[in-house]
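Spelled out, the chains give:
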Amino acid sequence: MKLLLTLCTYLLLTLPFASWGSEVGTTYLKFIDKSRNRPIEVRIWYPAEKVMDAERITYYSAFKGTAISDAPYLSGHDRCPLIMLSHGDRGSHIDQSWLAESLAANGYIVAAPSHWLNTWMENTPEATIAVWERPKDVSFTLNRLLKHKIWKERINAQLIGVAGHSAGGYTALALAGAQYHVEQMQTYCETKDWQQECDLVAGADFDSIDATQSTLSYLDTRIKAVFAMAPALGPAISIDSLNSIKVPVMIVAAEDDGLVQFAENAAIFSQQIPEAKLTTLNQGGHFVFMPECTTLGKLFTYFHRFDVCGHRSDTEKIRPELHLNIEQIALHFFDKNLKAR
């Protein structure tokens, strides 16, 4: 039976956790997947030593942050669990920086790869369709980190989870075994009246896309827990593959999502994945999972197609509180399933 959190349980999960009290450091790596001729930029967050009078990072001058660039790694403790983090379609590896910072402050290392040609800086509708490249990016990045001369000594390779938002939510579930069928998505887009997410592939040249790998399984058995925020592409996922997922899954989504319909996505995933748990937000929309915006960020996105900062829907006021709640739900989930503390 699926779990829709009651008010009492929700309040329990949102009580403050005892933080490690560490600073959060952040750094940047870049890899090349030569097998696919694909660059992968990676943002990493980690527990750090306290730094006097440190300057806090602002991501792209548009999003608020609390991390310190290249702060000294926190020494004198065991290897940390690792959370891989996947951004949404046409997003960025800093899109869930607020969650990454919270996890890092509580003893996790978080690594967020960019998904080439599917970011806000460079994107194509064909890359939006070819979502099966995304779990490959995550597994490739994980391979490199576990062999990296520095990070392999800091990561507990037995305690690895994944989180993701929107198309990144699909990515997280794909790493647990969810299988995508591009023809199912085409049928959905052709037959449904409510299809804002389908507009993202307008103008795509379907004939140029090699979809032979679209239905494969990208299960990565190193992943022990999945945290999916407003996961997308529900209409295109094989029900049998969802029924076969064996790792713990937590789904968080807003009922008023204006881009990825709740009933066709989060609800379906939670119903079809054995023992999946669903936390339903009654407000916030699709982009509440983005960071808090700076004044410059609000100006940059004022006329953007999507209400990234929440100023048009007036959800920017509730974003800090919702972030705090989601952070605590994520910490409770990963602590339980990865035994971080």
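Scoring rules and cut-offs
- Residues numbered from 1 in each chain as written.
- Predicted model: local features only at pLDDT ≥ 70, side-chain atom pairs only at ≥ 80, totals over all residues.
- Heavy atoms only, no water.
- Helix = DSSP H or I, 4+ residues; strand = E, 2+ residues; numbered from the N terminus.
- Disulfide = S-S within 2.5 Å.
- Buried < 20%, exposed > 50% of the residue type's maximum accessible area, 1.4 Å probe, protein only.
- Expected span 1.5 Å × (residues − 1).
- Contact = heavy atoms within 4.5 Å.
- Core = buried A, V, L, I, M, F, W, Y, C linked by side-chain atoms within 4.5 Å.
- Pairing = 2+ DSSP bridges.
- Right-handed = clockwise from strand over helix to strand, strands pointing away.

Q: Explain unusual backbone geometry to me, and be specific about the residues and the numbers.
A: For aspartate 53, which is not a glycine, the phi torsion comes out positive at approximately 55°. Checked against the element boundaries, aspartate 53 lands in the loop between β3 (38–48) and β4 (68–69). In this model, serine 166 sits at a positive phi of 60°, which is unusual for a non-glycine residue. With respect to the helices, strands and loops of the structure, serine 166 is situated in the loop between β7 (155–165) and α5 (167–174).

Q: Describe the state of the cysteines, and please don't skip the residues or the numbers.
A: Counted by the stated rule, this structure contains two disulfides. Note on cysteine connectivity: cysteine 189 is disulfide-linked to cysteine 198, with sulfurs 2.0 Å apart. Between cysteine 189 and cysteine 198, the disulfide has an S-S torsion of -85° and is therefore left-handed. For the pair shown, cysteine 189 and cysteine 198 are each scored as buried. In this model, cysteine 293 is linked to cysteine 309 through a disulfide, with the two sulfur atoms separated by 2.0 Å. Classification of the bridge connecting cysteine 293 and cysteine 309 rests on its S-S torsion, roughly -90°, and on that basis the disulfide is left-handed. Taken together, the positions of cysteine 293 in the loop between β10 (277–281) and α9 (295–300) and cysteine 309 in the loop between α9 and α10 (319–338) put the pair 16 residues apart, joining distant regions of the chain. We note that cysteine 293, like cysteine 309, is buried.

Q: I'd like a rundown of helix α4 (residues 133–147), residues and numbers included.
A: Helix length check: α4 (15 residues) gives 22 Å between terminal C-alpha atoms against 21 Å at 1.5 Å per residue, within 8%. Summarising burial for α4: eleven of the 15 residues are buried, a large majority. Taken together, the buried positions of α4 are occupied by Glu133, Arg134, Pro135, Lys136, Asp137, Val138, Ser139, Phe140, Thr141, Leu142 and Leu145. Packing partners of the buried residues in α4 comprise β2 (23–33), β3, β5 (80–86), β6 (109–113), β7 and α5.

Q: Explain the nonpolar core to me, and be specific about the residues and the numbers.
A: Grouped together as the largest cluster of nonpolar side chains are 112 residues, with contacts concentrated most on Trp45, Leu145, Tyr180, Phe227 and Phe334. Here this core takes eight residues from α10, the largest share from any one element. Here phenylalanine 334 is in contact with Ile83, Leu103, Tyr108, Gly161, Val162, Ala163, Ala225, Phe227 and Lys339, once residues within four sequence places are set aside.

Q: Break down the pairing of β6 for me, citing the residues and quoting the values.
A: Taken across its five residues, β6 has five buried, putting it largely inside the fold. Here β6 shows a buried face lined by Ile109, Ala111 and Pro113 and a second buried face lined by Val110 and Ala112. Here β3 runs beside β6; their pairing, made up of four bridges, is antiparallel. Along β6, the bridge assignment pairs arginine 43 with alanine 112. Looking at chain direction, β5 and β6 are connected through three bridges and run parallel. In the strand pairing of β6, leucine 82 is matched with isoleucine 109. Viewed along the sheet, the connection from β5 through helix α2 (residues 97–105) into β6 turns out right-handed.

Interpretation in functional terms is not warranted from these geometric data alone.
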